[in-house]
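Given next are the chains, with one letter for each unit.
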Amino acid sequence: MVVVAILAAGKGTRMKSNLPKVLHSLGGKSLVERVIESVEPLSPARRLVIVGYQSEQVKTALTKISEVEFVEQTVQLGTGHAIQQLLPHLEGYTGDLLILNGDVPLLQTETLKNLLHIHQENQNSCTILSAHLLNPKGYGRVFCNSEGIVQKIVEDKDCTPNQREDNRVNAGIYCFRWSDLAKFLPHLEANNAQKEYYLTDAVTQVGKVMAVDVEDEQEILGINDRLQLATANDILQRRIKEKWLLAGVTLINPVSITIDETVELQPDVIIEPQTHLRGKTVIQSGSRIGPGSLIENSQLGGNVAVQYSVVTDSFVEAGTKIGPYAHLRGHAEVGTNCRIGNFVELKNTELGDSTNVAHLSYLGDTKAGTQVNIGAGTITANYDGVKKHKTRIGDRTRTGSNSVLVAPITVGNDVYIAAGSTVTEDVENDALVIARSRQVVKPGWKRKAEI
Ligand code: UD1
Ligand code: CA
């Protein structure tokens, strides 16, 4: 049985931020959320998250993750002090405690499984995750005897120049036999450069301690500042893009593209440069997205094309072309083989199949049928200054250029609206509507002054 503890009480001074460090976002999820997700497949008996700095904010952010217990560390006196706070919560517990730093977000579950396996197989008192880093600066260094048993961990700030040359680092991930750690915790001291209670001091005080080197050292990157956050983001993006490239997705100029982990792509999707796919987005086979587009929390059918456009919280069915320079938002639903063209905004609007809105339009809170043609510059005036109202447009109806439909309004099937009309009343099927003043022409007219 394993209980998991996640250290998330620190401020993260080096981030230079008002937001607690562990809540900084990496590819659409917070750092600590990622750490929690990495332990989920281990089915831990309990998940204890140690919170302190702006604890309410951290708790609120994590409430959506069920079965997390919070333990308060009201003053942050170091990682050892943080684990001391667990003592009353784990009284009588005899199993293992897996401790993770809340700022190490790229860990793979396999790595943790391996750590637990080695810990249990060797009946260690403690097993730590370690790595050989080209640049070990900022990490605690791990020192072992000739049998590979860990002797001590020395923090970067406490290292002698000689010790600092050592490049084997502590990843901040530990598996302890809880009963051994619990015995020592009350005796921790803060005799070090930072005057903090270091959890790492425990390794000299418990029984046999082994270090397990991680296969891919990118996994253990700790996020202390924005530079490391940017590095983690690069690593994550590389992982995600490799996955999709090998799954049959074409990425043109991958460095200019970003894809959240939560996105799903089918084979033969083509993503063009400067395109960003975020949130719960799904794109089906044959679609070509970009260049220069942002798709967020949206579902796109097969063979959809999107150029230089923004699509959020929307659905687009197969064969539809969007852009350049279109904006779909607030639950737009577009049918098959439609065309949403230049400078068109759709908000909470549903369009049937083969309907075109090709130029310079705003449709808000509108439901239009199939084979409708929305003329250039058509606007649905959905807002009366207090409330939003609905516009309904029937099948095969055509609105003339620069027409305004003042909602609430229903226009039937096969209706023609003359260019420049301001339509304020419902229109029956098969009608022609002309709602504009007649043109007045006065032949030979000159201004009086000119006579
Ligand atoms: C820590 C390790 C170091 C290791 C590195 C790996 C110690 C003493 N050092 O150093 O050996 O190489 O991680 O990334 O443990 N926290 C609390 N309460 C506190 C202090 C910190 O909850 O009082 C939390 C922080 O929110 C953070 C984690 O513990 O999530 C690590 O703290 P941090 O200050 O970043 O430790 P490092 O200096 O990186
Ligand atoms: Ca750290």
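Residues numbered from 1 in each chain as written. Chains lettered and ligands numbered in written order. Predicted model: local features only at pLDDT ≥ 70, side-chain atom pairs only at ≥ 80, totals over all residues. Heavy atoms only, no water.

Undergrad: Could you clarify how one ought to interpret the sheet that holds strand 23 (residues 315-316) in this entry?
TA: Remark on secondary structure: sheet strands pair via backbone hydrogen bonds, oriented parallel or antiparallel. Spatially, the 9 strands line up as an open sheet ordered 14-17-20-23-26-29-32-35-38, and their pairing is parallel. Of all the strands in the sheet, the pair left with one neighbour each is strand 14 (264-265) and strand 38 (409-411). Bridging between strand 32 (residues 366-368) and strand 35 (residues 391-393) involves 3 bridges; their strand directions are parallel. Note that in strand 35 the partner of Thr366 across the bridge is Thr391. (Pairing = 2+ DSSP bridges. Helix = DSSP H or I, 4+ residues; strand = E, 2+ residues; numbered from the N terminus.)

Undergrad: Just checking my understanding: could you explain the coordination of the calcium ion (ligand 2) for this structure?
TA: Angles between donor atoms at a metal ideally measure 109.5 degrees for a four-coordinate tetrahedral arrangement and either 90 or 180 degrees for a six-coordinate octahedral one. Listed as protein donors to the calcium ion (ligand 2) are Asp103 (OD) and Asn224 (OD1); their distances from the metal cover 2.4 Å. Taken together, the residues span a long stretch of sequence, with Asp103 in the loop between strand 6 (96-101) and helix 4 (109-121) and Asn224 in the loop between strand 11 (209-213) and helix 7 (226-246) at a distance of 121 residues. (Donors = N, O, S within 2.8 Å, 3.2 Å for Na, K, Ca; no water.)

Undergrad: Would you explain the packing of aromatic side chains in this entry?
TA: In this description, an aromatic ring pair is defined by two values, namely the gap between the centres and the angle between the planes. Applying the stated rule across the entire model yields 3 aromatic pairs. Between Tyr308 and Tyr325 the ring centres are 5.7 Å apart and the planes differ by 20°, which places this aromatic pair in the stacked class. Here Tyr308 is found in the loop between strand 21 (305-306) and strand 22 (310-312), whereas its partner Tyr325 is found in the loop between strand 24 (321-322) and strand 25 (326-329), with 17 residues between them in sequence. Given a relative accessible area of 38%, Tyr308 falls into the partly exposed group. Residues Tyr325 and Phe343 carry aromatic rings whose centres are separated by 5.4 Å and whose planes lie at 10° to one another, so their mutual orientation is stacked. Of this pair, Tyr325 sits in the loop between strand 24 and strand 25 while Phe343 sits in the loop between strand 27 (339-342) and strand 28 (344-347), and the two are 18 residues apart along the sequence. With a relative accessible area of 44%, Tyr325 lands in the partly exposed category. Ring pairs connect the aromatic residues Tyr308, Tyr325 and Phe343, which therefore count as one cluster. Above the ring of Phe143, the side-chain terminus of Lys152 is found at 6.0 Å from the ring centroid. (Phe/Tyr/Trp six-rings, centres within 6.5 Å; stacked < 30°, edge-to-face > 60°. Buried < 20%, exposed > 50% of the residue type's maximum accessible area, 1.4 Å probe, protein only. Lys NZ or Arg CZ within 6 Å of the ring centre and 35° of its normal.)

Undergrad: Can you walk me through the layout of surface pockets in this structure?
TA: Unfilled space is identified by rolling a water-sized probe across the atoms. In this structure, the largest pocket spans a volume of roughly 1,600 Å³. Looking at the largest pocket, it is lined by 48 residues, and the ones nearest its centre are Arg14, Lys21, Asp103, Gly138 and Asn224. Counting contributing residues per domain, the lining of the largest pocket is built from domain 1 (2-224) and domain 2 (227-433), each supplying no fewer than three. (1 Å grid on protein atoms, 1.4 Å probe; cavity = no way out; pocket = protein on both sides within 12 Å on 5 of 7 lines; lining within 4 Å. Points joined across faces, edges and corners; volume = space filled by probe spheres on them. Domains from an automatic or database assignment.)

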